[in-house]
Amino acid sequence: MKQDNCIFCRIIAGEIPSYTLYEDEKFKVILDVGPATRGHALILPKDHYANLYELPEETAAEVIKLAKKMIARMTDKLECDGFNIVQNNGETAGQTVNHFHMHLIPRYKNDGEILKYIAGKPGQEELEQIRKTIVE
Ligand code: AMP
Ligand code: ZN
């Protein structure tokens, strides 16, 4: 499955160059060209799925297994101190390329707060209401 106007499909097809860290039948892992930190990488399934909603369950399980392998190797080689795993779904959530991808972002001591959010302060009633909305 390939979409002609998709930049990641074109990278996977070899039409656009990339810095490949890993490749197998189903996945390609490349360096992000606009990295948040040194070594920021992207896991791309070779088949085109727009986002996590569309990704088959089996592929989703394989992505997290691959992420685990990659961060072990990258932590060793890059000597980073931790990792953020980021995966955006939908424009509102910051997704700019509509081909599922998982960001692997190495973190280094003192690299700055690159993924900070402001913690809300919902009351117990509000939390309970949200819980009900989701589970019922
Ligand atoms: P997102 O905002 O989650 O959709 O992430 C898209 C990511 O793709 C961004 O971090 C971009 O820097 C990255 N990106 C866009 N074009 C390329 C490319 N040709 N090669 C590698 N990474 C890319
Ligand atoms: Zn694609």
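What counts as what
- Along each chain, residues carry numbers from 1 onward, in the same order as the chain's sequence is written.
- As they are written, the chains are lettered A onward and the ligands numbered 1 onward, keeping that order.
- Two thresholds apply to this predicted model, a pLDDT of at least 70 for residue-level local features and 80 or more for giving and counting side-chain atom pairs, whereas whole-chain, interface and lining totals are computed over all residues.
- Computation of side-chain values covers all heavy atoms of the structure but excludes hydrogens and water.
- Secondary structure elements are defined from DSSP: runs of H or I of at least 4 residues count as helices, runs of E of at least 2 residues count as strands, and each element is numbered from the N terminus.
- Whether two residues touch is decided by their heavy atoms; if any such pair falls within 4.5 Å, the residues are in contact.
- In short, Shrake-Rupley with a 1.4 Å probe defines the accessible areas, and a residue's cover is counted only from the protein chains shown.
- Coordinating donors are taken to be N, O and S atoms lying within 2.8 Å of the metal, or within 3.2 Å when the metal is Na, K or Ca; because water is excluded from the atom set, some sites may appear incomplete.
- For four-coordinate sites, all angles between 85 and 135 degrees define a tetrahedron; for four- and six-coordinate sites, opposite donors beyond 155 degrees with the remaining angles between 65 and 115 define square planar and octahedral shapes respectively, and all other cases count as irregular.
- Only protein chains enter the area calculation, which uses a 1.4 Å probe; residues under 20% of their type maximum are buried, those over 50% are exposed, and those in between are partly exposed.
- Patches here are clusters of residues that have more than 30% relative accessible area and form no salt bridge, with a 9 Å joining cutoff for like charges and a 5 Å cutoff for nonpolar side chains (Val, Leu, Ile, Met, Phe, Trp, Tyr).
- When a carboxyl oxygen of Asp or Glu lies within 4 Å of a side-chain nitrogen of Lys or Arg, that pair is called a salt bridge.
- A helix is expected to span 1.5 Å for every residue after the first.
- What the arc describes is the spread of directions from the helix axis to the C-beta atoms.
- Only strands joined by at least two bridges in the DSSP assignment are considered to pair.
- Angles here are taken between N-to-C directions and fall from 0 to 180 degrees, while the axes themselves are lines fitted to C-alpha atoms, restricted in helices to the stretch in contact.

Engineer: Where do I start with the overall build of the protein chain in this structure?
Structural biologist: In terms of regular secondary structure, the protein chain is built from three helices and five strands. Listing every helix and strand of the protein chain by position from the N terminus yields α-β-β-β-α-β-β-α. Seen through its principal axes, the protein chain has C-alpha atoms that stretch 55 × 40 × 25 Å. Counted over contacts in the protein chain with a minimum sequence separation of 6, partners at least 24 positions apart contribute 54%. Accessible surface computed for the protein chain: about 9500 Å², of which carbon and sulfur atoms make up 51%.

Engineer: Even after reading the chapter, I still don't get the coordination of the zinc ion (ligand 2), so can you show me in this structure?
Structural biologist: Metal coordination angles have textbook ideals: 109.5 degrees for a tetrahedral set of four donors and 90 or 180 degrees for an octahedral set of six. With distances of 2.0 to 2.3 Å, the protein atoms coordinating the zinc ion (ligand 2) are Cys 6 (SG), Cys 9 (SG), His 48 (ND1) and His 99 (ND1). The coordination sphere of the zinc ion (ligand 2) comprises four donor atoms, whose angles at the metal cover 106 to 116°; the geometry is tetrahedral. One chain supplies every donor for the zinc ion (ligand 2), spaced along it as C-x2-C-x38-H-x50-H. Placement of the pair is Cys 9 in helix 1 (residues 7-12) and His 48 in the loop between strand 3 (41-45) and helix 2 (57-78), with a sequence separation of 39 residues. Of the two residues examined, Cys 9 and His 48, each falls in the buried class.

Engineer: Just to check I follow, could you spell out a nonpolar patch on the surface for this structure?
Structural biologist: Taken together, the side chains of Leu 127, Ile 130, Ile 134 and Val 135 define a hydrophobic patch exposed on the protein surface, amounting to about 390 Å² of accessible area. Looking at where Leu 127 falls in the secondary structure, it is placed in helix 3 (residues 124-135). By relative accessible area, which is 47% here, Leu 127 ends up partly exposed.

Engineer: Help me understand helix 2 in this model?
Structural biologist: Along an α-helix, residues three or four positions apart point the same way, because every turn accommodates 3.6 residues. Relative to the 32 Å expected for 22 residues at 1.5 Å per residue, helix 2 spans 31 Å between its end C-alpha atoms, a close match to the ideal helical length. For helix 2, every residue scored as buried is listed here: Thr 59, Val 63, Leu 66, Ala 67, Met 70, Met 74 and Leu 78. Summarising the axial view, the buried residues of helix 2 lie within an arc of 120°, below the 170-degree limit, and thus occupy one face. Among the exposed residues of helix 2, those oriented more than 90 degrees off its buried face are Glu 57, Glu 58, Ile 64, Lys 65, Lys 68, Lys 69 and Asp 76.

Engineer: Explain the pairing of strand 3 here, please?
Structural biologist: When a strand is regular, its side chains alternate between the sheet's two faces. In terms of burial, strand 3 is a largely internal element, five of the five residues being buried. Here strand 3 shows two buried faces, one formed by Ala 41, Ile 43 and Pro 45 and the other by Leu 42 and Leu 44. Two elements, strand 2 (residues 27-31) and strand 3, share five bridges in a ladder whose sense is antiparallel. In the strand pairing of strand 3, Val 29 is matched with Ile 43. The sheet contact formed by strand 3 and strand 5 (residues 102-107) spans three bridges and is antiparallel. Note that in strand 5 the partner of Leu 42 across the bridge is His 103.

Engineer: Explain the sheet that holds strand 1 (residues 20-23) here, please?
Structural biologist: Within a sheet, each strand pairs with its neighbour through backbone hydrogen bonds, oriented either parallel or antiparallel. On the basis of which strands lie adjacent, the open sheet formed by five strands has the order 1-2-3-5-4 and antiparallel pairing. Whereas interior strands pair on both sides, the edge strands pair on one side only; in this sheet they are strand 1 and strand 4 (82-86). Averaged over all adjacent pairs, the angle separating strand axes in this sheet is 20°, with direction ignored. With three bridges connecting them, strand 1 and strand 2 associate as antiparallel partners. Looking across to strand 2, one finds that Glu 23 is bridged to Lys 28. Across the face of the sheet, helix 2 comes into contact with strand 1, strand 2, strand 3, strand 4 and strand 5 while running at roughly 20° to strand 5.

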